[in-house]
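Structure assessment
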Amino acid sequence: MNIFITTIGFLVYIVFLLSQQHKASIDAFLFHHALLSHSKKTFEEIENESRKRAIKKYRKIAPLVSKAKERHQRTNLSHKFHIDTLLSQEAELKTEKFKACQFLLKNLLNSLYKNEEFFEEAKVKYPDLEERLCLLFIDGAKNLPPQEIKHESELGKIPIEDEQLRVVFYKMMTGKKMLYASNEQKQRDEHISYFALSEYISVQSKPYLFCAYTCDETVLHACFQNPKVVQDIVECRKDMMKQISKASSEEKQALKAKLSLEFQNRFQSALPQWMNKSLVCFRISGQDRDS
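Residues numbered from 1 in each chain as written. Predicted model: local features only at pLDDT ≥ 70, side-chain atom pairs only at ≥ 80, totals over all residues. Heavy atoms only, no water.

**A look at the overall build of the protein**
A tally of helices and strands in the protein yields ten helices and four strands. Reading the helices (α) and strands (β) of the protein from amino to carboxyl end gives α-β-α-α-α-α-α-α-β-β-α-α-α-β. Out of the 291 residues belonging to the protein, those deemed buried represent 37%. In the protein, of all internal contacts separated by at least 6 residues, the share reaching a separation of at least 24 is 65%. With the model as given, the accessible surface of the protein reaches about 18900 Å², and the carbon-plus-sulfur share is 55%. (Helix = DSSP H or I, 4+ residues; strand = E, 2+ residues; numbered from the N terminus. Buried < 20%, exposed > 50% of the residue type's maximum accessible area, 1.4 Å probe, protein only. Contact = heavy atoms within 4.5 Å. Areas by Shrake-Rupley, 256 points an atom, 1.4 Å probe, with all protein chains shown as cover.)

In structure tokens:
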């Protein structure tokens, strides 16, 4: 009997301990859940506050960033001839920009390399060499993945089956001296006769083909095809630069607007009659469009 009572008491004690443990587990669960809920709420509140602060900051600086970016795009005039339209896989052969670009590139290739031995030899076999080289750019880009050529130095990726054209293309793209080299480099390369084509062309997209104020004389010759006009443009550019350098900070913006308009009115009419006038930029570096 005593053993039975003892056994019953032990079992009751065990049940009591289990119940207490269960209660403790429930309390622990509820506390943990409450802690998680509180933490989540706090995190959401912090996240919302951070987001609000970020939005407020963005709204404050966005107009300034946008204006600065727009101004940079306006004033960052290129000194190169832009052939991106020839490489575009969506380019239509009938567009004015495409035709004008092809015309200028053929003239540029002839001006740069007509007296070079590798070019003269290829001309014997291919009298229409400039046309064929243009087609290499057009057709070659179509055989490459979209956006494969991101810089003019990557034009060497264009596949060329014809061995002689491949040699010509390679020599044009590599060149033997740099247009914008240091004086020391220029002295070393004085006996070398030709530049790399990548010194004159760019694959970056611009609304114009070239800027008459900043481009090299060879590009001007390729377009205007008139030595007298080109010389006049070069002299005019020098004169404008002198005027701008002497003007005060307050006067420069208005002066640039005035000179830019005069520059355009004087030489835009000398462009080939079939060329859309908007394809050549006559703005001056640092000139704000709105001025």
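**Focus: the packing of aromatic side chains**
Enumeration over the complete set of coordinates arrives at eleven aromatic pairs. Between F118 and Y194, the ring centres sit 5.3 Å apart and the planes meet at 55°, which makes this aromatic pair tilted. Of this pair, F118 sits in helix α4 (residues 117-125) while Y194 sits in the loop between α7 (183-188) and β2 (201-202); the two residues are 76 residues apart in sequence, bridging distant segments of the chain. Judged by relative accessible area, Y194 falls into the buried class, the value being 6%. (Phe/Tyr/Trp six-rings, centres within 6.5 Å; stacked < 30°, edge-to-face > 60°.)

**So, helix α9 (residues 227-246)**
A turn of α-helix holds 3.6 residues, and therefore any two residues three or four places apart point the same way. With 20 residues, α9 extends 29 Å from end C-alpha to end C-alpha; this agrees with the ideal 28 Å at 1.5 Å per step. When we look at burial in α9, the residues that qualify are V229, V230, I233, V234, C236, R237, M240 and I244. Down the axis of α9, the buried set is contained in an arc of 165°. They therefore lie on one face. Those residues of α9 that are exposed and aimed more than 90 degrees away from the buried face are P227, K228, K242, S245 and K246. If you follow the buried residues of α9, they end up packed against α8 (217-224) and α10 (249-267). (Expected span 1.5 Å × (residues − 1). Arc of directions from axis to C-beta.)

**Examining helix α6 (residues 163-174)**
If you check α6, its first and last C-alpha atoms are 16 Å apart, about what twelve residues at 1.5 Å a residue would give, namely 16 Å. Among all positions of α6, only L165, V168, F169, M172 and M173 are buried. Projected down its long axis, α6 carries its buried residues within an arc of 125°, all on one side. Of the exposed residues in α6, the ones pointing more than 90 degrees away from its buried face are E163 and Y170. Here α6 starts with a cap whose side-chain oxygen sits 3.0 Å from the backbone nitrogen of Q164, and that cap is D162. (Polar contact = N/O pair within 3.5 Å; in protein donor to acceptor, adjacent residues only side chain to side chain.)

**Describing the packing of α9 against α10**
The contact between α9 and α10 brings their axes to 11 Å, and the two run at 170°. Taken together, the axes of α9 and α10 are roughly antiparallel relative to one another. Contact with α9, carried on its side by V229, D232, I233, C236, R237, M240, Q243 and I244, involves K252, L255, K256, L259, F263, R266 and F267 of α10 and no other residues of that element. Residues belonging to the contact of α9 with α10 are distributed by class as follows: nine nonpolar, one polar and five charged. (Axes fitted to C-alpha atoms, helices over the stretch in contact; angles between N-to-C directions. Parallel < 35°, antiparallel > 145°, perpendicular 65-115°, else oblique. Nonpolar A, V, L, I, M, F, W, Y, C, P; charged D, E, K, R; others polar.)

**A few points about the nonpolar core**
Nonpolar side chains in soluble globular proteins tend to end up buried together. Within the largest apolar cluster, 72 residues are counted, with the highest numbers of intra-cluster contacts made by F81, L155, M172, L197, F210 and F224. Of all the elements, helix α3 (residues 96-113) adds the most residues to this core, at nine residues. With sequence-adjacent residues up to four places away left out, L155 is seen in contact with I83, L87, F137, I149, F169, M173, I201 and V203. (Core = buried A, V, L, I, M, F, W, Y, C linked by side-chain atoms within 4.5 Å.)

**A look at the pattern of salt bridges**
What the rule picks out here adds up to seven salt bridges. With a closest N to O distance of 2.9 Å, E152 and K80 form a salt bridge. In this pair, E152 is assigned in the loop between α5 (129-142) and α6 and K80 in the loop between α1 (2-75) and β1 (81-82), connecting sequence segments 72 residues apart. According to the relative accessible area criterion, E152 is buried, its value standing at 5%. The residue E130 makes a salt bridge to K123 at a minimum N-O spacing of 3.1 Å. Among the residues examined, K123 registers a relative accessible area of 29% and is labelled partly exposed. (Salt bridge = Lys/Arg side-chain N within 4 Å of Asp/Glu carboxyl O.)

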